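Listed here are the chains, written in short residue letters.
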Amino acid sequence: MSDAYVSLKNLTLAYGKTVVVPDLNLDVRKGELIALLGPSGCGKTTAMRSIAGLMAPKSGTISIDGVDITRTPANKRGIGLVFQSYALFPHLSVFENVAFGLRLKKLPKAKIASMVEQGLQTVGLAHLSDRKPEDMSGGQQQRLSLARSLVMEPKVLLLDEPLSNLDARLRLEMRNELQRLQRDTGITMIFVTHDQAEALALADRIVLMKDGIVEQLGTPDELYNAPNSKFAADFFGFENIFEIEGSEIVGRTGRLTVLIDAKEGYLAWRPSAITIGSGPHQGTISSMAFAGELREYIIEAPLGQIKVTTPSSTPPFDIGSPIAFDLAIDKARHLSKNGEET
Amino acid sequence: MYSKWTTRLIIGLTLTFLIGPFFIIILAGLSDGEFMTFPPDGISLRWYAKVFTVESFRDSFKLSMFLAIFGTIAALILGVPAAYAISRYKIPYGETIKTIVAAPIIVPGIIVGLALLRYLVVPLNFTVTLALFMAHTALILPYAVRVVSSSMNNLRSDMEEAAVLLGCSRLGAFTRVVLPNIQSGVLAAFILGFVTSFNQVPVSLFLSGPGVRTLPIDMLSYMEITYDPSVAALSALLALLSVVIVFMAEKFLGFSRYV
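Residues numbered from 1 in each chain as written. Chains lettered and ligands numbered in written order. Predicted model: local features only at pLDDT ≥ 70, side-chain atom pairs only at ≥ 80, totals over all residues. Heavy atoms only, no water.

### Points about the interface of chain B and chain A
Part 1 of the reasoning: Each partner contributes to the interface: chain B provides 16 residues, whereas chain A provides 19 residues.
Part 2 of the reasoning: Of the roughly 1600 Å² buried at the junction of chain B and chain A (both faces included), carbon and sulfur atoms supply 69%.
Part 3 of the reasoning: For the chain B face of the interface with chain A, the top three residues by lost area are E161, L165 and L166 of chain B, together amounting to 43%.
Part 4 of the reasoning: With its nearest N and O atoms 2.7 Å apart, the salt bridge here joins E161 of chain B to R49 of chain A.
Part 5 of the reasoning: Between chain B and chain A we count five residue pairs in polar contact (both at pLDDT 80 or more) in total.
Part 6 of the reasoning: Of all elements in the fold, only α7 (158–165) and α8 (170–198) of chain B reach the threshold of two or more residues within the side of chain B that touches chain A.
Part 7 of the reasoning: Among the elements that take part in the side of chain B that touches chain A, α7 of chain B stands out by supplying seven residues, more than any other. (Contact = heavy atoms within 4.5 Å. Buried area = accessible area lost by both parts, 1.4 Å probe. Salt bridge = Lys/Arg side-chain N within 4 Å of Asp/Glu carboxyl O. Polar contact = N/O pair within 3.5 Å; in protein donor to acceptor, adjacent residues only side chain to side chain. Helix = DSSP H or I, 4+ residues; strand = E, 2+ residues; numbered from the N terminus.)

### Observations concerning the domain arrangement of chain A
Residue and element names in this part refer to chain A.
Part 1 of the reasoning: Under the domain assignment used here, chain A contains domain 1 (4–229) and domain 2 (233–335).
Part 2 of the reasoning: Of note, the centres of domain 1 and domain 2, computed from C-alpha atoms alone, are 39 Å apart.
Part 3 of the reasoning: With 15 residues of domain 1 at the contact, the number on the domain 2 side is seven residues.
Part 4 of the reasoning: Here domain 1 meets domain 2 over a buried area of about 910 Å², counting both sides, of which 67% is carbon and sulfur.
Part 5 of the reasoning: Across the domain 1-domain 2 interface, the total number found is zero salt bridges.
Part 6 of the reasoning: Scanning the region where domain 1 abuts domain 2 turns up three residue pairs in polar contact (both at pLDDT 80 or more).
Part 7 of the reasoning: Where the side of domain 1 that touches domain 2 is concerned, the elements lending two or more residues are α6 (196–202), β9 (205–210) and α7 (220–225).
Part 8 of the reasoning: The element best represented in the side of domain 1 that touches domain 2 is α7, accounting for three residues.
Part 9 of the reasoning: Looking at the side of domain 1 that touches domain 2, its residues break down into nine nonpolar, six polar and no charged. (Domains from an automatic or database assignment. Nonpolar A, V, L, I, M, F, W, Y, C, P; charged D, E, K, R; others polar.)

### Overview of α8 of chain B
Part 1 of the reasoning: When the terminal C-alpha atoms of α8 of chain B are compared, their 36 Å separation across 29 residues is substantially less than the 42 Å that a helix rising 1.5 Å per residue should span.
Part 2 of the reasoning: At Q183 of chain B, α8 of chain B shows its maximal kink, close to 55°. (Expected span 1.5 Å × (residues − 1). Bend = angle between axes of the 7 residues up to and from the residue.)

### Looking at the sheet that holds strand β15 (residues 275–291) of chain A
For sheets, the rule is that strands pair by backbone hydrogen bonds, running either parallel or antiparallel.
All names here are of chain A.
Part 1 of the reasoning: Pairing in this open sheet of four strands is antiparallel, and the strands run β17-β16-β15-β18 from one edge to the other. Each having just a single partner strand, β17 (304–311) and β18 (322–326) make up the two edges of the open sheet. Each strand of the sheet is rotated relative to its neighbour by a mean of 50°, with strand direction disregarded. (Pairing = 2+ DSSP bridges. Axes fitted to C-alpha atoms, helices over the stretch in contact; angles between N-to-C directions.)

### A look at the confidence of the model for chain B
Part 1 of the reasoning: Across chain B, pLDDT averages 86, with 97% of residues at or above 70.
Part 2 of the reasoning: Within chain B, helix α4 (residues 94–106) of chain B has the poorest average pLDDT of any element, 80, and α7 of chain B the best, 93. (pLDDT = per-residue confidence, 0-100.)

### A closer look at the nonpolar core
All names here are of chain A.
Part 1 of the reasoning: In this structure, L36, F89, L146, L158 and I190 are the most contacted members of the largest nonpolar core, which totals 112 residues.
Part 2 of the reasoning: Discounting chain neighbours no more than four positions away, the residues touching L146 are V82, V123, L157, L159, M174, L178 and L181.
Part 3 of the reasoning: Counting residues in each nonpolar core, the second largest holds 22 residues, with I249, I285, I306 and L327 among its members. (Core = buried A, V, L, I, M, F, W, Y, C linked by side-chain atoms within 4.5 Å. Buried < 20%, exposed > 50% of the residue type's maximum accessible area, 1.4 Å probe, protein only.)

### Some remarks on the packing of aromatic side chains
Residue and element names in this part refer to chain B.
Part 1 of the reasoning: By the definition in use, this model includes 14 aromatic pairs over all chains.
Part 2 of the reasoning: Ring geometry for F66 and F70: centres 5.2 Å apart, planes at 40°, overall tilted. Of this pair, F66 and F70 both sit in helix α3 (residues 55–88), separated by four residues, roughly a single helical turn.
Part 3 of the reasoning: Ring geometry for F190 versus F194: centroids 6.5 Å apart, planes at 25°, classification stacked. (Phe/Tyr/Trp six-rings, centres within 6.5 Å; stacked < 30°, edge-to-face > 60°.)

### A closer look at the pairing of strand β7 (residues 156–160) of chain A
All names here are of chain A.
Part 1 of the reasoning: The element β7 is largely enclosed, with a buried count of five among its five residues.
Part 2 of the reasoning: Side chains V156, L158 and D160 of β7 all project onto a buried face; the interleaved residues L157 and L159 project onto the opposite face, where all are buried too.
Part 3 of the reasoning: Pairing geometry for strand β6 (residues 79–82) and β7, over four bridges, is parallel. The residue bridging I79 from the neighbouring strand is V156, located in β7.

### Observations regarding the domain arrangement of chain B
Residue and element names in this part refer to chain B.
Part 1 of the reasoning: Here the domain parsing of chain B yields domain 1 (1–44) and domain 2 (54–257).
Part 2 of the reasoning: Facing the ten residues of domain 1 at the interface are eleven residues of domain 2.
Part 3 of the reasoning: Put simply, domain 1 and domain 2 have zero salt bridges between them.
Part 4 of the reasoning: The tally of links from domain 1 across to domain 2 stands at zero residue pairs in polar contact (both at pLDDT 80 or more).
Part 5 of the reasoning: Of the residues in the side of domain 1 that touches domain 2, the class split is six nonpolar, three polar and one charged.

Here is the structure:
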């Protein structure tokens, strides 16, 4: 990509002899908000730490704005990182926490004061500048951590699980805040998360990682609606995935003949894409859970277990009762086997 | 369980056992007589006054202060980086190093003293003062490492990484972020080291030479010749000094968290 701002090329990252990320290539555009998404151990945090310079890559290059920074020490990179634990300095006041990096730059006092002031204003903490971090709530601590990085005007801002330590209401607030900040400052942000909902809501593009390899890269819309691998589909809520063999799909306990063109790969259905109450197949409802807007059913069928959801506004089905269901082909997503382990 | 009065009696006896000797020493030093007796033979402050006029006490007090202060500082200079390395990095044989560092407390002081005398002072011609200084440093080191690393363990390493990303060097992150946050641990280690060194007898006993004695050793040898109440008076003054130090440490630093 010619307009790449942050560019990772053939990056190999290892702890000792354990290779965590074998060959990572990634281009991030200027001003983009990118999510590195994946289960724990997929190498997303390691990748982020290497961009920050906290970990030296085994091979490959990292460049920002065309400049190779692979060998630049962390304190000279001009990259900000908001730690998951916030990593605030407990012995310093809110003001001094934000001023920390500016003082190291040996800027004039008045300039530091006004920059800190403005930084705290941006995250809505101006009235707390004399507090100690320990006297603040989790949400405030995170915004302080954000302000501390932002006043340094970093080329790239990295965020490690920025929403995971917050409760539901604060999470929404912070999400809006991060999007607003990105709009206002045009800063390039890369954040790491294991939560698909977080990635979908916040990112311009999502990098889905598995075992150190990019499984799929695309907009939230693409990943959610058009995952192209079994792993991606599973991660984005296609909970019923069956392998195709000839003209049949294979479940855990049985097979089902379906009319499909493809001869191999997988067919995947979201729980909401399966209709129950009518259809050509039979099963028994083995459990039901009420989840607010939806009811979640598990159906035992000759094929195996099937997860189905129905709107909770419709009347419930009884546990233990036989039920008809339909695995409609036009509602399934076909996944090719490419890139999958065999 | 026990009745209220039994409990009080047990507590009272325990406290008497622990603090009683302290009062006996204070009172014995207040005696007006020529010999150390209890109960005191009349009341006067003359033995407390005499303490300050005995020249060997003054010299050995100076030596003991020197050893306690500079021995502790030396132990901290060695111990703080050691504590940092042990608690921060998975260094090879980290546990072994911890054990070795703790050795001077585990090995009886008599043995440490003898070993230092036999292998440093005699064959290498170290002066007694230098040997004493080294011995005290070694004895304080375990306390320094333990106390400082326990306050270091509460410190997350990502704080240092955050400092580095804000432009600090590694060393800068240590002095600007780590040190301020382990300050009270370092002070606690200093006080503990100071008291340990000042009260040290067995090792110092072996490493005394002509005119070079620490205060406790000097008091011992003074008593062998003169059994007057001045030693009791001096003991009382030293005990008071320790109490004041520990009390202040507790008040200002919450000392008991570290020991």
